[in-house]
Amino acid sequence: MDKTLRIGVLAVQGNFREHAAVLRRLSVEPVEVRLPEELEGLDGLILPGGESTAITRLMRLYGLDEALRSFDAPIFGTCAGMIVLDREHLGLADIRVARNAFGRQVHSFEADLDISDADGPLRAVFIRAPWIEDAGPDVEILAEVDGHPVLARDGRILVAAFHPELTDDTRIHELFLNLVREASSVGA
Ligand code: GLN
């Protein structure tokens, strides 16, 4: 049985509108999350890119950091959202992330990622992007740039150093939705 997925998008700062737009394109109605109670009943949550310092501060202010530690559905963090999930922040993904690892604003760039997909490489937009500096043994590295992991999965957590919400290619969001469907059918 296919039920309608409820996917939240953390909407305190950053690219939440763009993620919501991709979800709508994939026929999923997004739920904007600013308060802990808005996490209730969600099948998954997206933490958008933006400014990780601001996102961390606002999450703490609204009590979302505590709430997220007990949220047990799949989470997809992009760019700043990936930073927020690492060992030094929420600690939900067994990764250590280096901020602005590719350099500052001038080093924003696009790259074609090999994501081992039959439909070919994925064009990815990197903006003051982080990379994964260290990953635990259970973390699956799904793509790299110059030997640096930029897409990875740690169980129910998916992280991307780039901005899949800024291109027309919806494959990474679809990957996340598949993870959500998998998790909700196991949990049902
Ligand atoms: N450099 C930003 C940070 O450290 C992340 C950039 C982004 O999300 N595009 O928070």
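Above this text sits the structure in question.
Computed from a predicted model, the values in this text were never measured in an experiment.

A.B. asks: Help me get a handle on the overall build of the protein chain, residues and values and all.
C.D. replies: A tally of helices and strands in the protein chain yields five helices and 11 strands. Within the protein chain, buried positions represent 52% of all 188 residues. The long-range fraction of contacts in the protein chain, counting pairs at least 24 apart against all pairs at least 6 apart in sequence, stands at 66%. Accessible surface for the protein chain amounts to roughly 9,100 Å². Of this, 46% is attributable to carbon and sulfur atoms. Counting 19 positive and 32 negative side-chain charges, the protein chain places the centres of these two groups 5 Å from one another.

A.B. asks: Pulling in residues and values, what's your account of the site of the ligand?
C.D. replies: Near the ligand, the surroundings consist of Gly-49, Gly-50, Glu-51, Ser-52, Cys-79, Ala-80, Ile-83, Arg-99, Asn-100, Ile-127, Arg-128 and His-163. Gly-50 places a main-chain nitrogen or oxygen 2.9 Å from an oxygen atom of the ligand. Calculation on the ligand without its partners gives an accessible area of 300 Å², and the protein chains cover 98% of this total. Taken together, the residues of the shell around the ligand break down into four nonpolar, five polar and three charged.

A.B. asks: I'd like to hear about the packing of aromatic side chains, residue by residue, with values.
C.D. replies: Aromatic ring pairs are described here by two measures, namely the spacing of the ring centres and the angle between the planes. All chains considered together, the criterion is met by six aromatic pairs. For the ring pair Phe-102 and Trp-131, a centre distance of 4.8 Å and an interplane angle of 90° mean the geometry is edge-to-face. In this pair, Phe-102 is assigned in the loop between strand 5 (95–98) and strand 6 (109–113) and Trp-131 in strand 8 (residues 131–135), connecting sequence segments 29 residues apart. Owing to a relative accessible area of 15%, Phe-102 belongs among the buried residues under this scheme. The exposure class of Trp-131 is buried, given its relative accessible area of 16%. Between Phe-126 and Phe-162, the ring centres sit 5.6 Å apart and the planes meet at 55°, which makes this aromatic pair tilted. With Phe-126 in strand 7 (residues 122–126) and Phe-162 in the loop between strand 11 (157–160) and helix 5 (171–187), this residue pair connects regions lying 36 residues apart in the sequence. According to the relative accessible area criterion, Phe-162 is buried, its value standing at 0%. Members of the aromatic cluster, each reached through a chain of ring pairs, are Phe-102, Phe-109, Phe-126, Trp-131 and Phe-162.

A.B. asks: If you had to explain the pattern of salt bridges to someone new, which residues and values would you point to?
C.D. replies: Considering all chains together, one arrives at 14 salt bridges under this definition. A salt bridge links Arg-128 to Glu-51; the nearest nitrogen and oxygen atoms lie 3.5 Å apart. Separated by 77 residues along the polypeptide, Arg-128 in the loop between strand 7 and strand 8 and Glu-51 in the loop between strand 3 (44–47) and helix 2 (52–61) bring together distant segments of the chain. Taking relative accessible area as the criterion, Glu-51 reaches 26% and is therefore assigned partly exposed. Of the charged contacts, one joins Arg-123 and Asp-112 as a salt bridge, the two residues approaching to 3.2 Å between their closest N and O atoms. In this pair, Arg-123 sits in strand 7 while Asp-112 sits in strand 6, placing the two residues 11 residues apart along the sequence. Connected through shared salt-bridge partners, Glu-51, Arg-99 and Arg-128 make up one network.

Parameters at a glance
- Residues numbered from 1 in each chain as written.
- Predicted model: local features only at pLDDT ≥ 70, side-chain atom pairs only at ≥ 80, totals over all residues.
- Heavy atoms only, no water.
- Helix = DSSP H or I, 4+ residues; strand = E, 2+ residues; numbered from the N terminus.
- Buried < 20%, exposed > 50% of the residue type's maximum accessible area, 1.4 Å probe, protein only.
- Contact = heavy atoms within 4.5 Å.
- Areas by Shrake-Rupley, 256 points an atom, 1.4 Å probe, with all protein chains shown as cover.
- Lys, Arg positive; Asp, Glu negative; His and termini not counted.
- Charge placed at Lys NZ, Arg CZ, Asp CG, Glu CD.
- Near = heavy atom within 4 Å.
- Polar contact = N/O pair within 3.5 Å; in protein donor to acceptor, adjacent residues only side chain to side chain.
- Nonpolar A, V, L, I, M, F, W, Y, C, P; charged D, E, K, R; others polar.
- Phe/Tyr/Trp six-rings, centres within 6.5 Å; stacked < 30°, edge-to-face > 60°.
- Salt bridge = Lys/Arg side-chain N within 4 Å of Asp/Glu carboxyl O.

Limitation: the analysis is restricted to geometry and does not speak to function.
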